[in-house]
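# Structure at a glance
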Amino acid sequence: MDGFTVFVYDSTRSVRAGGMTVEPWFIIAVVLSLAGYGVYLAGLRRHLVEPSRASWLIWAVATGVEAATYLAVNPGQPQGLIFILSAICCLLVTLAMWRRSRWNRPSTTEAVCMGASLAAIVLWLPLQETFWAHMLVVVAVPLGFWPTWASVFEDRARERSPAWGLWTLGDLATLIIATRTPGFGVGEYAYIFVELLCHASVWFMVGLATINPMRSFGMRRGGLRVLDAYYPANPFAVGETHLGKAVFATDGFAAGETIVRFSGPRIAAARVPGGIAGPDDRYVQIGKDEYLGPSGRIDDLINHSCSPNAGLRFTVGGVFLVALADIAPGEEIAWDYSTTLRDADWSMACACGSSACRGRIGDFADLPAERRRWYIDRGVVAPHVLAPTAAERAA
């Protein structure tokens, strides 16, 4: 997903740098694109974005192929080094994502997208069809965006980062360079134009206010408040407890207020990895045979408590964590994992530390009747937990 394709050439509007004449638009494109990667990584570290791993894997491959094919056609050109730098940045984001969540089997659409990128490598390496490999990369770019478009369409908060605006403006600067560069071929034009449209589409989907780089750190300061309602201040802080990472409220929540939407890929029970427990278990049961996998966002880090101040509410629009009582700034946010569990074969030791700690997290049916009724009355028990079993229906 490199944000720029550039040519360095002599011009009355250019400036000198290191013995080489550099077009000012080239500098602008480089700065905007690298700034985009920087703020995106900042958002990843603060769990403010939930990127599509399939998309970033495709982009990491595509930018590598783009850099290699460009250098093959234009050996020794300084802009080839920029392509390599962009490919490295893309790879760094992909690796950062992998460290925070597990890989799940790609969907059919994602598999097709990945196949197109791999086909570009086959065309380039064994067959030495550099031009067609480059053109296939052009096709692979929008294919790579497909998983991200689908993810943002479902929940635009997943990609609410200033990076999309910075990459879009970087592409625009690159397009200006292309129009001013003699002999610029259709292949290069196609790649830049496709990247510009793809980056701009995500930027518009998540909200134009996200151009403000301060927003990647969860802050609400600064100007550029266009569509500001799309981007509230970050209400969370990630800290450490005796259980490891934990989520704390920064501004507080009123009882009944929605805290966060739980997201992540929907995974069949048979595909949930076995042998995981404790902080590594980031799977939430949402149906009799269905789970939400790790999202890579803040919801992955919210811990269990036998005396929770929050609970999961299942609606037509999704799964939302709501406050069961007023949550003060600085207070840890926690919910009872048993409210979604209907699996007599699964349990784990509990060390939440509350005065009502049960010592073990297990099936909802194992909770005391009074506690079950308390959760049911507040609407924070998963529907599949309350649904009668086949034996109960037959009785």
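As a starting point, this report considers the structure included with it. (Residues numbered from 1 in each chain as written. Predicted model: local features only at pLDDT ≥ 70, side-chain atom pairs only at ≥ 80, totals over all residues. Heavy atoms only, no water.)

Turning next to the overall build of the protein. A count of helical and extended segments in the protein gives ten helices and 14 strands. Looking at the protein as a whole, 50% of its 395 residues are labelled buried. Pairs at least 24 apart in sequence give 70% of the contacts found in the protein among residues at least 6 apart. Carbon and sulfur atoms form 63% of the exposed surface of the protein, whose accessible area is close to 17900 Å². (Helix = DSSP H or I, 4+ residues; strand = E, 2+ residues; numbered from the N terminus. Buried < 20%, exposed > 50% of the residue type's maximum accessible area, 1.4 Å probe, protein only. Contact = heavy atoms within 4.5 Å. Areas by Shrake-Rupley, 256 points an atom, 1.4 Å probe, with all protein chains shown as cover.)

What follows concerns the environment of Ile-286. Note that Ile-286 resides in strand S7 (residues 284–287). When its relative accessible area of 11% is taken as the criterion, Ile-286 is described as buried. Taking C-alpha positions, Ile-286 is 6.7 Å from Ala-382, a pair spaced 96 residues apart along the chain. Setting aside chain neighbours within four positions, we find Ile-286 in contact with Arg-266, Tyr-291, Leu-292, Phe-314, Val-319 and His-384.

On to the sheet that holds S7. Spatial ordering of the open sheet is given by S6-S8-S7, a layout of three strands whose pairing is antiparallel. One side of each edge strand has no neighbouring strand; the edge strands of this open sheet are strand S6 (266–268) and S7. Across the sheet, the mean angle from the axis of one strand to that of its neighbour is 40°, orientation sign disregarded. Alignment of S6 against strand S8 (residues 290–292), held across three bridges, turns out to be antiparallel. The residue of S8 that forms the bridge with Ala-268 is Glu-290. (Pairing = 2+ DSSP bridges. Axes fitted to C-alpha atoms, helices over the stretch in contact; angles between N-to-C directions.)

Together, Ile-84, Ile-88, Leu-91, Leu-92 and Leu-95 give the surface a local cluster of nonpolar side chains, amounting to about 430 Å² of exposed area. For Ile-88, the position within the fold is in helix H3 (residues 78–100). (Patch = residues over 30% accessible without salt bridge, like charges linked within 9 Å, V, L, I, M, F, W, Y side chains within 5 Å. Salt bridge = Lys/Arg side-chain N within 4 Å of Asp/Glu carboxyl O.)

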